[in-house]
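Notes for the structure review
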Number of protein chains: 4
Amino acid sequence: MEYTIQVQPGAHMDFENHACDCIGTGRMDLALQEEYQEELRQVQRLCHFRHIRGHGLFSDGMAIYAPVTDADGIRHDQYCFTYLDRVMDSYRKLGLTPVLELGFMPSQMASGNQTLFYWKANVTPPAEEKRWTALIEATLEHLCERYGRKEVALWPVEVWNEPNLPGFWENADKQAYFRLYEISVQAVRRVVPGIRVGGPAICGGTGSLEWVRDFLACCRERKLPVDFLTRHTYMGQKPERKGRYLYHEMCRPDDLIDEVRATRSVMEEFEEYRRLPIYITEFNTSYNPFCPIHDTCRNAVILCSLLSKLGDVADSYSYWTFGDVFEEQGVPATLFHGGFGLMAASCIPKPSLWAFHFFANLEGECVHRDSRSLILHREDGSYEMILWHPDEEVQETEIIRIELPWENQATVLSRRIDETHGNPLKVWLDMGQPRNLREEELGFLKNAACPETVSQCMTAQDGRITLEFTLKKNSFCHIRLMKHAGLQETGYLPDMYL
Amino acid sequence: MEYTIQVQPGAHMDFENHACDCIGTGRMDLALQEEYQEELRQVQRLCHFRHIRGHGLFSDGMAIYAPVTDADGIRHDQYCFTYLDRVMDSYRKLGLTPVLELGFMPSQMASGNQTLFYWKANVTPPAEEKRWTALIEATLEHLCERYGRKEVALWPVEVWNEPNLPGFWENADKQAYFRLYEISVQAVRRVVPGIRVGGPAICGGTGSLEWVRDFLACCRERKLPVDFLTRHTYMGQKPERKGRYLYHEMCRPDDLIDEVRATRSVMEEFEEYRRLPIYITEFNTSYNPFCPIHDTCRNAVILCSLLSKLGDVADSYSYWTFGDVFEEQGVPATLFHGGFGLMAASCIPKPSLWAFHFFANLEGECVHRDSRSLILHREDGSYEMILWHPDEEVQETEIIRIELPWENQATVLSRRIDETHGNPLKVWLDMGQPRNLREEELGFLKNAACPETVSQCMTAQDGRITLEFTLKKNSFCHIRLMKHAGLQETGYLPDMYL
Amino acid sequence: MEYTIQVQPGAHMDFENHACDCIGTGRMDLALQEEYQEELRQVQRLCHFRHIRGHGLFSDGMAIYAPVTDADGIRHDQYCFTYLDRVMDSYRKLGLTPVLELGFMPSQMASGNQTLFYWKANVTPPAEEKRWTALIEATLEHLCERYGRKEVALWPVEVWNEPNLPGFWENADKQAYFRLYEISVQAVRRVVPGIRVGGPAICGGTGSLEWVRDFLACCRERKLPVDFLTRHTYMGQKPERKGRYLYHEMCRPDDLIDEVRATRSVMEEFEEYRRLPIYITEFNTSYNPFCPIHDTCRNAVILCSLLSKLGDVADSYSYWTFGDVFEEQGVPATLFHGGFGLMAASCIPKPSLWAFHFFANLEGECVHRDSRSLILHREDGSYEMILWHPDEEVQETEIIRIELPWENQATVLSRRIDETHGNPLKVWLDMGQPRNLREEELGFLKNAACPETVSQCMTAQDGRITLEFTLKKNSFCHIRLMKHAGLQETGYLPDMYL
Amino acid sequence: MEYTIQVQPGAHMDFENHACDCIGTGRMDLALQEEYQEELRQVQRLCHFRHIRGHGLFSDGMAIYAPVTDADGIRHDQYCFTYLDRVMDSYRKLGLTPVLELGFMPSQMASGNQTLFYWKANVTPPAEEKRWTALIEATLEHLCERYGRKEVALWPVEVWNEPNLPGFWENADKQAYFRLYEISVQAVRRVVPGIRVGGPAICGGTGSLEWVRDFLACCRERKLPVDFLTRHTYMGQKPERKGRYLYHEMCRPDDLIDEVRATRSVMEEFEEYRRLPIYITEFNTSYNPFCPIHDTCRNAVILCSLLSKLGDVADSYSYWTFGDVFEEQGVPATLFHGGFGLMAASCIPKPSLWAFHFFANLEGECVHRDSRSLILHREDGSYEMILWHPDEEVQETEIIRIELPWENQATVLSRRIDETHGNPLKVWLDMGQPRNLREEELGFLKNAACPETVSQCMTAQDGRITLEFTLKKNSFCHIRLMKHAGLQETGYLPDMYL
């Protein structure tokens, strides 16, 4: 099928881009690992995320709560910030500041034994509220001491994670969560008065809108601070298991957008919360870390759709997660395994990393946006475009023609990811899924993970240039149309040797 | 045109591979530079060269000869090994040991003022022989002290560079060179008895065979040690200049091979030197650092031809040079400029780097070799192949079919370099030859410099597998046919999402 | 008190130095951490250990045992070597190979729930022996595949850790341990025939000799392979707790040596095991990771005593542990806290690191050794000495005089650690034990951790040189007496400016 | 002799600190070297300089002027910014921006052959003025394009170097310099309108004030821009040579200050230039790179005097130079050789580096300043002090007593450099000036280069604390008096083991 886009001089379309605002990470203490840091360095080099959000700030792995029991058997609360400092220092070195998710429960402070994940996060309320608030206060106070109160005041604070799931919060007890929210944000604000706080960090599904409504009603009634509303959104529908792996139909990107809009509708029922920002503190296709879609080009194409639209409905959206150093369902035994990461182990980019790279570095004003394309006009007169083969399309192959206002000569640079370019998964599968990768094989995979990069020199006709691209299913590309430098070393003519 | 290769079980063909024995470098003090070291690190990661050879050990830039004149006006010879140690330490850290080329003349020790190159190498004989031999002895003695006599004894020593050119050696004075050789190798051997020495380091052209004959006759007559014979060989014929740049027709790879064979013929005239190793201490297509061919795919394809044959006639062959940090005709002002390097500045691989990478990492026994292909059989049963579109062919596009003995499933991995893959030159030209490259543009060029990497899963039929490749002009590829790992995580089926 | 040592020409004394053979580490998955690797790099730069041994190879943190349960509820054993490879790769990059300690029990494979440590090591026997031996075989097989069978055959294998303590092995059940040993070493040997295996890895205390005797008797009876005998030895006597910290009287270094001798005596009861090597797979002063002695100069002085003698009785001895990244009793909240490490967090050397550095780099033949000094004569004619103020001495200050055969001029270089030099603990205490260290303060501590380094130029008299050193309590030093280079740049006289 | 300083609460004294404003460097293309960059990294870690200034921007080593001559023999001016970009990029990565010194003359543009230094800087006027101004304009234009016009506008521009010396500027021709200044600053301002320019970059000596006067008169008359006045100042008096080395009496620090004051007096003769900033673009003790004083403690002590006073008379002062990678009189053959550097090769700090480190990191308000001490009061209530043994003092040993307002407990941290601490020169001399340093010896020297760091815990009496320090000749120290953290882990009592 063919498809033509005509951009007129002075064109403008709305496009709100928060692609690099925030990124997700597995439990916070994984940030102590060298492989994690190496991957995050690479991701930051390509995407420049500003915030990072992960679970487990108060879980045993971070070892913050460290009580001592004296000779008389009395427990004295003490805190250990060794790992917290190490993690925060490492983030700041990479230009990242945290979204502080308050949770889960230190096992020595918990009211129950229910745990979640391979790493055994305790998901029960505190046995004694005052120990929990003291923990929050001590932690915030320490962060202020180390990084400055002004700086910490810029870090958003979210209370707990997905309390509307009984696996994540004992019995999914709504009132207990509201109480947790109440005492937590009050503690936070006592230490850092101006800091922004939010919740309820719910995931989607039946009842999620009810949670939002009740949460806001509770905040209004109890006069609790709430500076942004947080929720998660995933596209995976009813799952089916095969071995360790989970499969589901994905809803359409627009369904996900609609889910966020519905949340806004609920918020609009509350005069005082109509304009509250929405932070999607987690989103992805599947919510499962062993769902093979995450490794594929298709995932990246869906991301293109989402990243082009999410700014319409949300003020922040955080892809879950940047890398495959992740342990919720156990440690991955194979290079590809359906992990959430933008990057596989050994710093091998997945297709989705390029989607983020392209969106994160966009500059200029939007002159065109539709369900398969995005075109921006930079201040220096150049254009950049992202084109993708929309998931919902029937045709295997699309031809896209783009007409742009232009004078004189232009350089067109395109980088394409498709089944056979920028897709290391295919190579790894063709190799027979080897587990024991050596330098040589890693070399092949890194080469295979590189987008196909094609350049072309064109000349405008009648004040316009027309580009044509063919996109196959599950492929996408980034294109730069820029001024030809127009330099020519006298006598440098390598074509004489072709 | 189509072309079929059938490899029978147990096939064997001769193939002597010294691709990673030695590599050339610009004047030795360039090794002090950070960019040089960064490029060399990358080259070594891909090619693992063992020796490195460059000019200027005794030139002013290395600052070894550092006499002091006392109050009475008497000059006392002193030596400064600060830079020498720094350079040698850096080589050893990268797994390299030097070929010590004794030259050029320290200006304070020279008999004349003739200089060569932008960096003004003095090319005249020593004013006083004993200062020259003292310099050699002090330098060798120092190297032994720092790196151990046993270690230094393994470094080949060559006397001067291209003395058959009047630009490189005053008047191309043959007898003066023989005298220089005589006193130099005797000095070297006094300090390190077993060390291997050689010459006459001539370039090709009229009279070069005469030089070889006279040199060997002189060695025989004066009973001078000579452990290997050195010469250079380039393919560039009569040059034509355009601006800064030089163009010439290239002779055929076989002509270059024949030139070395002719040298062997001369050697065979001498009973005692019949089997002396030949070290080609420099080779390349053009001998000029501003000849555009060096940046092209065509250069790499010619290299494939040469690297597949040079082992037939020489015991070592050293590509001139690994990188573009090079100053003989001035500092290059543009990223691409026809420099000798396998790698352009900012560590951007040229096509020729991949040719070397492919040859340098070959393993196993040769089962097929012809003018456009090389096939090896590894100990683990896998195959690796290099195919190239031979320069002399008429057809634009070749189809190569390869039949190999094989059982069961196989993975085929190929990496291809052609006009639009692994060829950053094209992108830079299409950009309009920009001089002022920023991060974003360097990113494009690095992506564009990556070979196209394609994988495939195949199954043997009747004990054989047949591969088919299409090669366009100026393209080449490396192929691995290896055992399919045959692993399959139960339930990992990403194809469900395609 | 004064003390004189006279070394005669040709003197010789026995001294067996295995100081850098092996070093201990906390649980193996801590090696995934960046801080751990950074500290280990520094330690290796100074000490060049060859082996490293830690717990938890099979514990949940390494995540090797990763069974899947199918739809029918049947558990299929699978293994995940992601972390194992990462850890082993990191060790090998630093020149280390592991001592493989087989333990503890994967919780999904255990017969009971008893755990140990903050990180919850399961210390019960396997529920099913064949799953345990399959785990061992799969792991060894994988290591062989990745690192080569020849290489893995050089790694010693030890079975479990301190089974004579009920906390470390359920009920300290001796027969159960012997059975574990039996099936484990048989499994190991099935995969790697020649590999060396040993046990019983006991700690000291009542009953330990009985364990050795019974272990050897069992091996003899059941014809089990045993290539070396392993045990631990610590100096801490009955402990007293204050807050988180543990204090005890230390036995004398000689008591520790005697404890190992007693082990040898038991071995000598067995004809076939008389000459079996003894590997002390753990030693230290206190066995507790919150015993303040580890941070002190006194600890380092005791180490000097031990390292000068341990070679008399053991073939390997592994200090427990190289660094303070350690979690057995929880994560340390303060820089100094009595951790085992040679190095505190942020790579701050403790005095004990220098003791190891001095012993690990000793070269030459021993010409003197007593309870407070060690003198070696290097091949190049120089001497090196370690002097320490022995723990048992009564005098606060000792004067040591050393007479050595020497001709002409000498340079004497000494590096001293005492209360006010090379002792960052004192500075940190004087600062008031700050928890929140910033760059500036870390800078002070790093400066304070540097040994006082003093040089002197001396001239021999009558073929001898006499050195004199004053040693205060808890201090030690390393001295090099070496040939004065005897060079003098003509005219370089900086003393003119003093 | 004893000496007491009493600081009263609320005390204040003037002290202008520009210690880290600017630092000198050898010719700019040395910045291409890896060793140079490594040393600069270390220096910047300790001192955080903001600007860097060196010679040779337009000399052949930077290779900016790169004309091509066409077939008709006509020279076309072209420029090569390869090295310039590499150098500027490297500076910016370390937080440095350049002071652009316009000079020396490209040899292909020069009117004469006079050269200076081992690296042969051409010091003659341009053969054609318009080529020189075109060079300046092209260079500035390129810098603007690469780094932004706003950014480049912040870089000070100075014209030539020491034109009042005939070695540095042909015949020290004053009028020729004024003409050069005129055309140069006009060219600079054409490209970057607001940029600050200055001169005449003279060194001291007879006639220097006359140069200042004439320069300002010329600027006034010709209406030339001049935003700051630049000069150099050194303390070395009539030199005496010994071998390669130069010795001279040093004038007193106050003499140097007076020399700058005299410059100010001349400026005050001009109403419009009274308040012009003075930039001392070079200062040091000796002006010779082979004067042994630079390696000594005495040099550092003199620096303490200078750095405490230079802010009274100048707005910027740039120590000549940060490191010993320097070639003006040839490449140094030995580690220590009287080079200007704050740091010797292999990153070994000289005493003077610590003087700079101490001054560069001072914070707070000055509460005391005299000829041997400087005391600042930080915002957090702590104090920091620098004490030095003033060069002019007669007594070998001084006792300094300092009384400061204080309450409660304090930590006193002092770092001292003297003959036997922080003075690697002594160790190297005692070793016999070895040229061939190996890892082990470099290790000794690095340890020896560390300041003695001593801590103490004190308690205020009657609202005051009294510190006492003994300073020997040629020694200095930095002291921090700060709040005792007052933390004490319950039960952490390492003193029990002393």
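Refer to the structure presented above.
In what follows, the accompanying structure is described. (Residues numbered from 1 in each chain as written. Chains lettered and ligands numbered in written order. Predicted model: local features only at pLDDT ≥ 70, side-chain atom pairs only at ≥ 80, totals over all residues. Heavy atoms only, no water.)

Description of the relation of the copies chain A and chain B
Stated formally: The superposition of copies rests on a least-squares fit of C-alpha positions from residues with pLDDT of 70 or more in both. Any two residues whose heavy atoms approach within 4.5 Å are treated as being in contact.
Superposition record for chain A on chain B: RMSD 0.0 Å, screw rotation 180°, translation along axis 0.0 Å. Taken together, the rotation and translation describe the operation of a two-fold axis. Comparing contact sets, 100% of the residues at the interface of chain A also lie at the interface in chain B, consistent with an isologous, same-surface contact.

Considerations on the sheet that holds strand β10 (residues 157–159) of chain C
All names here are of chain C. Let me state the cut-off plainly: Pairing between two strands is assigned when DSSP locates at least 2 bridges connecting them. Counting from the N terminus, the helices are the DSSP runs of H or I reaching at least four residues and the strands are the DSSP runs of E reaching at least two. To obtain each axis, a line is fitted to C-alpha atoms, and for helices this fit is confined to the stretch in contact; angles are then taken between N-to-C directions over 0 to 180 degrees.
In spatial order, the strands read β6-β3-β2-β16-β15-β12-β11-β10-β7; together these 9 strands make up an open sheet with parallel pairing. Across the chains shown, the open sheet's two edge strands, defined by having one partner strand only, are β6 (97–98) and β7 (100–102). Across 3 bridges, the pairing between β7 and β10 is parallel. Bridging across to β10, E101 finds its partner in E158. Across the sheet, helix α7 (residues 253–268) lies against β12 (228–234) and β15 (278–284), angled at about 155° from β12, the strand it touches most.

Here we look at the pairing of strand β3 (residues 51–54) of chain B
All names here are of chain B. Rules: Exposure is judged per residue with a 1.4 Å probe applied to protein chains only, and the accessible area is read against the type maximum: over 50% gives exposed, under 20% gives buried, and values in between give partly exposed. A right-handed crossover is one whose linking path, passing over the helix from the first strand to the second, runs clockwise when the strands point away from the viewer.
Across the two faces of β3 the burial is the same, with H51 and R53 and I52 and G54 all buried. Where strand β2 (residues 22–25) meets β3, 4 bridges bridge the pair, whose relative direction is parallel. Residue pairing across strands places C22 opposite H51, the latter belonging to β3. Note that the unit made of β2, helix α1 (residues 34–47) and β3 has a crossover that is right-handed. The sheet contact formed by β3 and strand β6 (residues 97–98) spans 2 bridges and is parallel. Looking at the pairing, H51 lines up with T97 of β6.

Quick notes on the interface of chain A and chain B
For clarity, the cut-off: Buried area is a sum: the accessible area each of two parts loses on coming together, probed at 1.4 Å, counted once for each and added. The salt bridge definition used is simple: a Lys or Arg side-chain nitrogen within 4 Å of an Asp or Glu carboxyl oxygen. In protein, a polar contact means a hydrogen-donor-capable atom and an acceptor-capable atom, both N or O and within 3.5 Å, with residues adjacent in sequence counting only if both atoms are side-chain atoms; elsewhere, any N or O pair within 3.5 Å suffices.
In this complex, chain A contributes 69 residues to the contact, which on the side of chain B involves 69 residues. In total, about 5500 Å² of surface goes out of reach between chain A and chain B, with carbon and sulfur atoms giving 58% of it. Across the chain A-chain B interface, the total number found is 4 salt bridges. Between B:E440 and A:R480 there is a salt bridge; the shortest N-O distance is 3.1 Å. Linking chain A with chain B are 26 residue pairs in polar contact (both at pLDDT 80 or more).

Let's talk about the side chain of A:S373
Of note, A:S373 is situated in strand β20 (residues 373–377). The contact partners of A:S373, leaving out residues within four places of it in the chain, are A:I5, A:H368, A:I386, A:L387 and A:W388.

A word on the packing of helix α8 (residues 297–313) of chain A against helix α9 (residues 351–360) of chain A
Residue and element names in this part refer to chain A. Here is the rule we go by: With respect to orientation, any angle under 35 degrees is reported as roughly parallel, any angle over 145 as roughly antiparallel, any angle of 65 to 115 as roughly perpendicular, and every other angle as oblique. Note on convention: near helix rotated counterclockwise from far helix by under a right angle means a left-handed crossing. Clockwise means right-handed. Under the grouping applied here, Gly and all other residues not named as nonpolar or charged are polar, the nonpolar ones being Ala, Val, Leu, Ile, Met, Phe, Trp, Tyr, Cys and Pro and the charged ones Asp, Glu, Lys and Arg.
At a closest axis distance of 7 Å, the pairing of α8 and α9 adopts a crossing angle of 25°. Accordingly, the angle class assigned to the pair α8 and α9 is roughly parallel. You can see that α8 and α9 cross each other, and the crossing is right-handed. Here C297, N299, A300, L303, C304, L307 and S308 of α8 lie close against α9, whose contacting residues are P351, S352, A355, F356 and F359. A per-class count over the contact of α8 with α9 returns 9 nonpolar, 3 polar and no charged.

Things to note about the environment of B:P349
Considering the arrangement of structural elements, one finds B:P349 in strand β18 (residues 348–349). Look past the residues within four positions of B:P349 in its chain and what remains in contact with it is B:L342, B:M343, B:W354, B:P424 and B:A449.

Regarding helix α9 (residues 351–360) of chain B
A turn of α-helix holds 3.6 residues, and therefore any two residues three or four places apart point the same way. Burial analysis of α9(B) places 10 of its 10 residues in the buried class, the great majority of the element. When α9(B) is considered as a whole, its buried residues turn out to be B:P351, B:S352, B:L353, B:W354, B:A355, B:F356, B:H357, B:F358, B:F359 and B:A360.

Looking at the sheet that holds strand β22 (residues 397–405) of chain B
Residue and element names in this part refer to chain B. Spatially, β1-β22-β25 is the arrangement adopted by the 3 strands of the open sheet, whose pairing is mixed. Of all the strands in the sheet, the pair left with one neighbour each is β1 (2–6) and β25 (464–472). Neighbour to neighbour, the strand axes of the sheet diverge by 15° on average, direction disregarded. Judged from the 9 bridges that link them, β22 and β25 form a sheet pairing that is antiparallel. When the bridges of β25 are listed, L404 appears paired with I465.

With respect to unusual backbone geometry
The omega torsion of the bond from A:G103 to A:F104 falls at -15°, within 30 degrees of zero and hence cis. Here A:F104 shows up in the loop between β7 (100–102) and β8 (115–116). A cis amide bond, omega 5°, links C:G199 with the succeeding residue C:P200. Take C:P200: it is sitting in strand β11 (residues 197–202). Non-glycine residue A:A63 carries a positive phi angle of around 55°. Among the structural elements, A:A63 can be located in the loop between β3 (51–54) and β4 (68–69).

Notes on the packing of aromatic side chains
Spelled out, the test is: When the centres of two rings from Phe, Tyr and Trp lie within 6.5 Å, Trp using its six-membered ring, the rings pair. Their planes under 30 degrees apart give stacked, over 60 give edge-to-face, and anything left gives tilted. We call a charge positioned over a ring when the NZ of a Lys or the CZ of an Arg lies within 6 Å of the ring centre and within 35 degrees of the ring normal.
A complete count under the given rule lists 150 aromatic pairs over all chains for this structure. Ring geometry for D:Y383 versus D:W406: centroids 6.1 Å apart, planes at 50°, classification tilted. Of this pair, D:Y383 sits in strand β21 (residues 383–388) while D:W406 sits in the loop between β22 (397–405) and β23 (409–417), placing them 23 residues apart in sequence. Look at D:W406 and you get buried, because its relative accessible area is 9%. By the ring-pair criterion, three or more aromatic residues cluster together here, those being A:F58, A:F104, A:F117, A:W119, A:W132, A:W160, A:F168 and A:W169. Its end group placed over the ring of B:Y3, B:R372 keeps NZ or CZ at 4.0 Å from the ring centre.

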